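Descriptive analysis of the structure
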Amino acid sequence: MRALRYSLNVSLDGCVDHAAFGGGEALHRHATENFARVDGLLFGRVTYQLMEEAFRAEAEAGTSDDPFVASLHAARKHVVSSTLESVDWNAELVSGDLGAAVTRLKEQPGRGLLVGGVQLPVELAALGLVDEFELVVHPVVVGRGPTLLAGLPAALDLRLVDSEDLGEGIVARRYEPRR
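A brief report on the enclosed structure follows. (Residues numbered from 1 in each chain as written. Predicted model: local features only at pLDDT ≥ 70, side-chain atom pairs only at ≥ 80, totals over all residues. Heavy atoms only, no water.)

**Quick notes on the sheet that holds strand 5 (residues 113-115)**
Taken in spatial order, the eight strands make up an open sheet running 4-3-2-5-1-6-8-7, and their pairing is mixed. This sheet does not close on itself; its edge strands, each paired only once, are strand 4 (91-94) and strand 7 (158-167). Averaged over all pairs of adjacent strands, the angle between their axes in this sheet comes to 25°, without regard to strand direction. For strand 6 (residues 132-138) and strand 8 (residues 170-177), the ladder comprises five bridges, and the chain directions are antiparallel. (Pairing = 2+ DSSP bridges. Helix = DSSP H or I, 4+ residues; strand = E, 2+ residues; numbered from the N terminus. Axes fitted to C-alpha atoms, helices over the stretch in contact; angles between N-to-C directions.)

**A closer look at the nonpolar core**
Within the largest apolar cluster, 25 residues are counted, with the highest numbers of intra-cluster contacts made by Leu4, Leu42 and Leu124. Within the residue set of this core, elements represented by two or more residues are strand 1 (4-11), helix 4 (98-107), strand 5, helix 5 (119-126) and strand 6. When neighbours within four sequence positions are excluded, Leu4 is seen to be in contact with Leu42, Val102, Lys106, Leu113, Val115, Leu124, Leu129, Val130, Asp131 and Glu132. If you look at the next biggest cluster of nonpolar residues, it comprises 18 residues, including Leu41, Phe68, Val87 and Trp89. (Core = buried A, V, L, I, M, F, W, Y, C linked by side-chain atoms within 4.5 Å. Buried < 20%, exposed > 50% of the residue type's maximum accessible area, 1.4 Å probe, protein only. Contact = heavy atoms within 4.5 Å.)

**A few points about the pairing of strand 1**
Burial runs high along strand 1: seven of the eight residues are buried. With seven bridges connecting them, strand 1 and strand 6 associate as parallel partners. Counterpart to Arg5 in the pairing with strand 6 is Glu132.

**Focus on the pattern of salt bridges**
By the definition in use, this model includes 16 salt bridges. Between Arg144 and Asp17 there is a salt bridge, with the nearest N and O atoms lying 3.9 Å from each other. Of this pair, Arg144 sits in the loop between strand 6 and strand 7 while Asp17 is found in the loop between strand 1 and helix 1 (25-36), placing the two residues 127 residues apart along the sequence. The residue Glu92 makes a salt bridge to Arg76 at a minimum N-O spacing of 3.4 Å. Of this pair, Glu92 sits in strand 4 while Arg76 sits in the loop between helix 3 (67-74) and strand 3 (77-80), and the two are 16 residues apart along the sequence. Judged by its relative accessible area of 30%, Arg76 is partly exposed. What you see here is one network of salt bridges that share partners, running through Arg5, Arg37, Glu132, Asp162 and Arg174. (Salt bridge = Lys/Arg side-chain N within 4 Å of Asp/Glu carboxyl O.)

**A short note on the environment of Val161**
Mapping Val161 onto the fold places it in strand 7. Separated by 28 residues in sequence, Val161 and Phe133 place their C-alpha atoms 9.9 Å apart. Setting aside its immediate chain neighbours within four residues, Val161 contacts Arg174, Tyr175 and Glu176.

Right, dumping it as structure tokens:
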């Protein structure tokens, strides 16, 4: 069964607003390495549209030498949405019962799935479908905006399995649920 991994940038105070963080080579390298560990990306509508708007044209024009952009462009994308009628960009719509649909994706052979975003991971975590949580912690306090896993109906008991210093005070910490 493919593992479902959640990775997200977060501030010291739990803010997950992507506009609050800088990009940079180390972060793109780390994300590219995460893409290499999986063979599918799972996005909600908002994250899919955000990534498509930010990177698709650049990738298709061939104007970027950033491996992150190339990896994102090439990756198989699964988009959870009840409002989109169609997707492209190497993507397919995921609809119907979320738990059953994601379980089917996890049961397919492969290296794993990577999910990002804000709302979809809350639903997946509540269903017990997330196998790994990676928090890329930035040394900044934002004081506003959306927060990590807001609205989760129950506490998650996690154990630290890895920590990587990405430089400039940014640390990627990986956790697995205690089951």
